[in-house]
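Here's the letter readout for the chains.
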Amino acid sequence: MNFAFNQIRRGDALGELRKFPDESIDCLVTSPPYWALRDYGVNGQLGLEKTFEEYITKLCDTFDEVKRVLKDTGTCWVNLGDSYSNSGKGGDSGRMYAQRHTQFGKICNIRRHGKPTRVKELPPKSLCNIPARFSIEMQNRGWILRNVIIWHKPNCMPSSVKDRFTVDFEYLFFFVKNKKYYFETQYEPLQESSLLRAKYNSYSSKTDQGIHGGMNLKNQLKVFEKINKGELSGRNKRCVWRIATRPFRGSHFAVFPENLVEAPIKAGCPEFVCRKCGKAREPIIKSQFKQHSLGATSGQYWKVRNFKGDNTVRNSSVKIGYTDCGCNAGFRGGVVLDPFMGSGTTAVVAKKLGRNYVGIELNSKYIEMAKKRINAVPKNIRRENERIFKSRETGI
């Protein structure tokens, strides 16, 4: 098969994925249609099954093919929301379900498709727990679940319900095939409270006693010193991501924001992949060691115990180059797959980050919408990505 990148294939996800070569994709980022939420007006669409069990089975069958086409070092990121039993809409998922009529899609009308079979175990108005059921079935099929990320929406749509709370989050699951996979650590800014504690060397009695996971006084002072010297400006990204939804002028109203896609692609899709062997090029980190004293300084004035300073080794990391597989065939950006492409957000972000993309979409009108968004990516961003890529292709 002539496997080409940077294109959107029309068809159902499972059928098109069966045409893909084995281990041809570096990363998957997608948001499948939610169960019993909307009718997108095309035959064969996912989400209109009579039971959520059938929906989960069909969805996981698709991800069986994803597992085949994903490289052993690949990562898989799935955004999925929940639905309520016997309701015909997925609660306050933030997907603008109140817009009952649009040009290309509308809310799933239960009367049109026949009333879904009521699951005996779930009474009406109960959450179906579809995200949890999906993740468990994925694990049953051999996937490794690395993280459950909470997408918190500070600007979620208001809810008119009077007998429960407004739902202002969705799930983002992070799966992999193997224990070893490509992952680039992502950082977020340190909190103001952490910066203040470092500035004044303030710590609690619990820290002094080593209660917090071994973070005793000695280790805490090491962290404070790195922060004050500017060697530590961020912390490992947490699992609750506060990302506002964004308005979209097109007729596709189930659009997830670009910020939600950016971190998974940066973390899970390599910037450089060998054109011949497909191996990712990774940065080479060199550790530099320096002796220094951890004795009390003039800045310590709150809870400075009788800590005796000693000469301790400090470790700092410096990027000195990139790995090279030795094929001498050149490199390209990694490939991001979205089998439920919709309006093309995954492809847009991939293009902005200098990666390649492949999309699958059943609705031809959404394909045209996605192509317009992709082509609208500013040329200066594309040129800058090309310049950076060429400068790094043979090293720093």
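So, here's what we can say about the structure. If you're wondering where the values come from, they're calculated on a predicted model, not measured in any experiment.

On to the overall build of the protein. When helices and strands are tallied, the protein shows eleven helices and 16 strands. Every one of the 396 residues in the protein was classed for burial, and the buried ones make up 44%. In the protein, of all internal contacts separated by at least 6 residues, the share reaching a separation of at least 24 is 77%.

Quick look at the sheet that holds strand E15 (residues 335–338) now. Overall, mixed pairing links the eight strands, which are arranged E1-E16-E15-E2-E4-E7-E6-E10 in an open sheet. At either margin of the open sheet sits one strand with a lone partner, and together these are strand E1 (7–10) and strand E10 (240–242). Within the sheet, the average angular offset between the axes of one strand and its neighbour, ignoring direction, is 20°. One ladder, built from five bridges, connects strand E2 (residues 25–30) with strand E4 (residues 70–80); its direction is parallel. Its bridge partner lying in E4, threonine 30 is registered against valine 78. The sheet contacts of helix H4 (residues 130–140) involve E4, strand E6 (144–152) and strand E7 (169–176), and relative to E7 the element is tilted by about 5°. Along the sheet, helix H8 (residues 258–268) contacts E2, E4, E6, E7, E10 and E15; its crossing angle with E2, the most-contacted strand, is approximately 160°.

Glancing now at the pairing of E6. Sheet topology note: the E6/E7 ladder contains eight bridges and is antiparallel. In the strand pairing of E7, isoleucine 149 is matched with leucine 172. The sheet contact formed by E6 and E10 spans three bridges and is parallel. Bridging from a neighbouring strand, isoleucine 150 pairs with valine 240 of E10.

Okay, the side chain of serine 343 next. As for its position among the elements, serine 343 is in the loop between E15 and helix H9 (345–352). Here serine 343 falls in the buried class, since its relative accessible area comes to 3%. Engagement of the side chain of serine 343 in a polar contact is seen with the side chain of arginine 373, the distance being 3.0 Å.

What follows concerns the packing of aromatic side chains. Tallied over the full model, the rule gives twelve aromatic pairs. Geometrically, the ring pair formed by phenylalanine 63 and phenylalanine 134 is edge-to-face, given 5.7 Å between the ring centres and 65° between the ring planes. Remark: phenylalanine 134 occurs in helix H4 and phenylalanine 63 occurs in helix H2 (residues 52–69); sequence separation between them is 71 residues. Assigned by exposure class, phenylalanine 63 and phenylalanine 134 land together as buried. Centre to centre, the rings of phenylalanine 169 and tyrosine 171 are 5.4 Å apart; their planes meet at 80°, and the pair counts as edge-to-face. Tyrosine 171 sits in the partly exposed class, given a relative accessible area of 25%. In textbook terms, an aromatic cluster arises when at least three aromatic residues are bridged by ring pairs, as seen for Phe63, Phe134, Trp143, Phe169, Tyr171, Phe173 and Phe175. Here the guanidinium or amino end of lysine 67 rests over the ring plane of tryptophan 143, the centre of that ring lying 5.9 Å away. Stacked on the ring of tryptophan 151, the Lys or Arg lysine 153 has its end atom at 4.5 Å from the ring centre.

This brings us to the environment of leucine 232. For leucine 232, the location among the structural elements is in the loop between helix H7 (217–228) and strand E9 (234–236). Overall, leucine 232 belongs to the partly exposed group, its relative accessible area being 29%. Sequence separation between leucine 232 and leucine 190 is 42 residues, and the spatial gap between their C-alpha atoms is 8.8 Å. Filtering out sequence-adjacent residues up to four positions away, leucine 232 remains in contact with Leu190, Val223, Lys226 and Ile227.

With their axes 9 Å apart at the nearest point, helix H5 (residues 192–200) and H7 run at an angle of 100° to one another. Accordingly, the angle class assigned to the pair H5 and H7 is roughly perpendicular. Seen from H5, the contacting residues are Ser194, Leu195, Arg197, Ala198 and Lys199; seen from H7, they are Phe224, Ile227 and Asn228.

Nonpolar side chains in soluble globular proteins tend to be buried together. In terms of nonpolar packing, the biggest core is built from 36 residues, with Phe63 and Phe134 touching the most fellow members. Of all the secondary structure elements, the ones that give two or more residues to this core are helix H1 (13–17), E2, H2, E4, H4, E7, E15 and strand E16 (356–361). At eight residues, H2 tops the list of elements feeding residues into this core. Non-local contacts of phenylalanine 134, meaning those with residues more than four positions away in its chain, are made with Ile56, Leu59, Cys60, Phe63, Val78, Leu80, Phe173 and Phe175. By size, the runner-up hydrophobic cluster in this structure holds 30 residues, among which are Val261, Ala267, Ala350 and Val377.

Burial analysis of E7 places six of its eight residues in the buried class, the great majority of the element. As defined by bridge partners, E4 adjoins E7 across six bridges and the pair is classed as antiparallel. Looking at the pairing, valine 78 lines up with phenylalanine 173 of E7.

Before going further, it helps to examine helix H10 (residues 364–375). The end-to-end C-alpha distance of H10, which contains twelve residues, comes to 17 Å, matching closely the 16 Å that a straight helix rising 1.5 Å per residue would cover. For H10, the full list of buried residues reads Tyr366, Ile367, Met369, Ala370, Arg373 and Ile374. On an axial view of H10, the arc spanned by its buried residues comes to 165°, and they lie on one face. Of the residues in H10, the exposed ones pointing more than 90 degrees away from the buried face are Lys372 and Asn375. Among the structural elements, E1, H8, H9 and E16 are those in contact with the buried residues of H10. N-capping of H10 is provided by asparagine 363, with a side-chain oxygen placed 2.9 Å from the backbone N of lysine 365.

Reading guide: rules and limits
- Residues numbered from 1 in each chain as written.
- Predicted model: local features only at pLDDT ≥ 70, side-chain atom pairs only at ≥ 80, totals over all residues.
- Heavy atoms only, no water.
- Helix = DSSP H or I, 4+ residues; strand = E, 2+ residues; numbered from the N terminus.
- Buried < 20%, exposed > 50% of the residue type's maximum accessible area, 1.4 Å probe, protein only.
- Contact = heavy atoms within 4.5 Å.
- Pairing = 2+ DSSP bridges.
- Axes fitted to C-alpha atoms, helices over the stretch in contact; angles between N-to-C directions.
- Polar contact = N/O pair within 3.5 Å; in protein donor to acceptor, adjacent residues only side chain to side chain.
- Phe/Tyr/Trp six-rings, centres within 6.5 Å; stacked < 30°, edge-to-face > 60°.
- Lys NZ or Arg CZ within 6 Å of the ring centre and 35° of its normal.
- Parallel < 35°, antiparallel > 145°, perpendicular 65-115°, else oblique.
- Core = buried A, V, L, I, M, F, W, Y, C linked by side-chain atoms within 4.5 Å.
- Expected span 1.5 Å × (residues − 1).
- Arc of directions from axis to C-beta.

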